[in-house]
Each structure stands twice: as C-alpha cells, then as structure tokens.
Amino acid sequence: MTRPVRRPGRPPVSDGSQHVGIVLVSHSATVAESVAALARGLAGGGTAPVAPAGGTADGGLGTSSELVAAAAHRVDQGAGVAILTDLGSAVLTVKALIAEGDELPAGTRLVDAPFVEGAVAAVVTAAAGADLTAVVAAAQEAYSYRKV
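Note that the structure is predicted; figures quoted are calculated from it, not measured. (Residues numbered from 1 in each chain as written. Predicted model: local features only at pLDDT ≥ 70, side-chain atom pairs only at ≥ 80, totals over all residues. Heavy atoms only, no water.)

**Side note on the side chain of T85**
So, step 1. The residue T85 is located in strand β5 (residues 81–85) in this model.
So, step 2. Among all residues touching T85, those that are not within four sequence positions of it are V25, A90, V91, V94, L110 and F115. (Helix = DSSP H or I, 4+ residues; strand = E, 2+ residues; numbered from the N terminus. Contact = heavy atoms within 4.5 Å.)

**Comments concerning the nonpolar core**
So, step 1. Grouped together as the largest cluster of nonpolar side chains are 27 residues, with contacts concentrated most on V20, I22, L24, A82, L84, V111 and V135.
So, step 2. Secondary-structure elements contributing two or more residues to this core are β3 (21–26), α1 (29–42), β5, α4 (115–127) and α5 (132–141).
So, step 3. Dropping the residues within four chain positions of it, A82 is found in contact with V20, G21, I22, V23, R109, V111, L132 and V135.
So, step 4. V23, A51, V81 and I83 belong to the second-largest nonpolar core, a separate cluster that totals 15 residues. (Core = buried A, V, L, I, M, F, W, Y, C linked by side-chain atoms within 4.5 Å. Buried < 20%, exposed > 50% of the residue type's maximum accessible area, 1.4 Å probe, protein only.)

**A word on the sheet that holds β3**
So, step 1. An order of β4-β3-β5-β6 is seen for the four strands of this open sheet, with the pairing classed as parallel. Each edge of the sheet is formed by a strand with only one pairing partner; in this case those strands are β4 (50–54) and β6 (108–111). Across the sheet, the mean angle from the axis of one strand to that of its neighbour is 20°, orientation sign disregarded.
So, step 2. Note: β3 against β4, five bridges, orientation parallel. The partner of V25 across the bridge, within β4, is A53.
So, step 3. Its contacts with the sheet put helix α2 (residues 65–75) on β3, β4 and β5, and the angle it makes with β4 is roughly 175°.
So, step 4. The sheet contacts of helix α3 (residues 88–100) involve β3, β5 and β6, and relative to β6 the element is tilted by about 155°. (Pairing = 2+ DSSP bridges. Axes fitted to C-alpha atoms, helices over the stretch in contact; angles between N-to-C directions.)

As structure tokens, this is what we get:
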C-alpha cells in the first residue's frame with residue numbers, strides 16, 4: 001500500500017507512481033464523458049486516471065451499477081478511487097455498491113461535491129499526486145466556489 005508523503009502547506013502525495021482514480025457518474029453518458037474530458041484538459045496533462053460511467057448499459061439515461069464498478073476497476077491504481085455523481089439515483093447506485101463491499105476496489109469513496117467543479121478539483125489534485133483524503137477535500141471545497 002502506498003503511504004502518503006507529507007509536505008508542509010501542501011496536500012500529501014503518494015510516494016509511488018500510483019494516483020487516485022476518479023469515476024464520474026452521470027445519468028447521461030455524454031455528460032459523464034464531457035466532464036471527464038474537461039477535467040483532464042484543465043489538469044494540464046496530468047496523469048490521474050479518470051473514467052466516465054454515464055447512462056445505462058443499453059445507452060439510455062440512468063445509472064448502471066455494472067458501468068460504475070467497471071469504471072472504478074479501470075482507474076484503480078491502489079491509491080483509492082473517488083466517485084463523484086450528478087443526481088440522486090446515481091448517489092443511491094454508488095451507495096449500494098459500497099454497501100455490498102466487494103463490487104468496488106478497496107479504498108473507494110463516494111464524494112459529496114458539485115459534479116463539474118468537484119470533478120475538475122479532484123482530477124487536478126489527483127494529477128498532482130495527492131492522496132485520497134486530499135482529493136476528496138479538494139472536490140468538497142468546490143461547494144464554496146463563488147461565481148460572483
């Protein structure tokens with residue numbers, strides 16, 4: 001297991017090449033893919049693994065526990081996985097997967113954060129090598145971003 005390295009005044013970072021994985025769960029595959037692309041682009045070429053898990057397996061609107069679990073396993077590098085969701089039933093889907101206990105990689109966390117701003121903050125922070133706690137905190141801080 002990777003142990004975080006503490007740096008004064010900066011988020012803890014992984015001591016290896018592992019990064020926290022990010023899964024973006026939306027009721028729409030297009031929205032999940034677009035937010036993932038935006039976050040990757042704003043991360044400035046960072047290396048954090050990001051996977052969209054949008055819509056249903058047949059391409060419709062909704063959420064799919066199978067798509068979420070597959071995305072989480074794709075981005076898992078052993079440093080934890082942060083999952084951000086768009087709407088209520090997506091939250092319920094992820095909570096059910098976490099409750100089952102064996103569907104998601106160890107160290108998977110559901111993050112209470114705004115979807116777009118939280119995703120960008122999480123990906124940028126993960127790409128910088130921060131640990132799961134710092135990635136979750138960065139995403140949650142996005143609730144305080146003011147636009148006026």
